[in-house]
Structure formats: structure tokens, C-alpha cells
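Below, each chain spelled out in residue letters.
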Amino acid sequence: MNKSNIFVHIELSKLVAGLTTSAGQLKQSLKSQAGYFNIIPPKYFSEDLGQEWINITEQIKEKGPKVDSEGRVLVNAVTNTIDQMSPQECVALATRIMQLNEKVKLEFE
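Everything quoted here is computed from the prediction, not taken from an experiment. (Residues numbered from 1 in each chain as written. Predicted model: local features only at pLDDT ≥ 70, side-chain atom pairs only at ≥ 80, totals over all residues. Heavy atoms only, no water.)

Observations concerning the side chain of Asn101
- You can see Asn101 is positioned in helix H6 (residues 87-107).
- A relative accessible area of 3% means that Asn101 is categorised as buried. (Helix = DSSP H or I, 4+ residues; strand = E, 2+ residues; numbered from the N terminus. Buried < 20%, exposed > 50% of the residue type's maximum accessible area, 1.4 Å probe, protein only.)

So, in C-alpha cells, the structure goes:
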């Protein structure tokens, strides 16, 4: 079995460490960690886990960027999508990220 790259292990751990467990603060917590969804490439995950990361990043970018009338980006796709998510959706997403992190950790044990 191939393992995920150590970069994935470290960066995903940082992402999870930056997430709060408070549902009321989770949306802001996800937005403050938004950069991780762009810097961790799925190709660095093991074959078993790469698709899950792709699914997570597609979900967190599904609303696309917020643009003005001239087409200029006002808010990136990740932040715009998180802004439109319900607290329950934020909890579900954070749970998926934490579960993926646990699976990556297991690859290194």
C-alpha cells in the first residue's frame, strides 16, 4: 500500500489543529484555514485517500468565487462557499476533514 506524502500529513494536521470544535465558531474557523484547500494537492495523497480530498475540495469550492458586475473576484471560491453553508454543513465538512486526517495518520503508524 502506498502512503500519503509527509507534506499531506503535516499540512492536514495543521488544518485540523486550526479548526474549532465550537459549532458557532466553525464557519469562521474554516474560513481562516481556507488556504489549505488550495495548497494540498490530491496527488500527494495515497491512492485510497486522494479521491476523498478531491471530494472535500470540490464541495468547499462548489459555489465558485463571488464576482462583481465587471467580473472581478471579490471573494474566492472557498470563502464564498463557506459563507453560504449552514452550521450543520460546516460541522459535516469539518468531520470529513478530521476523519481524513485520522486515515492519513494511520498510514504513518
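Details of the packing of aromatic side chains
- Considering all chains together, one arrives at three aromatic pairs under this definition.
- Measuring from ring centre to ring centre gives 5.8 Å for Phe37 and Trp53, while their planes differ by 10°; the resulting arrangement is stacked. Of the two residues, Phe37 sits in helix H3 (residues 36-39) while Trp53 sits in helix H4 (residues 47-59), which places them 16 residues apart along the sequence. Per residue, the accessibility class of Phe37 equals that of Trp53, and both read buried.
- Pairing Phe45 with Trp53 gives two aromatic rings, centres 5.5 Å apart and planes at 25°, and the pair type is stacked. Accessibility classification places Phe45 together with Trp53 in one group, the buried group.
- These aromatic residues form a ring-pair network of at least three members: Phe37, Phe45 and Trp53. (Phe/Tyr/Trp six-rings, centres within 6.5 Å; stacked < 30°, edge-to-face > 60°.)

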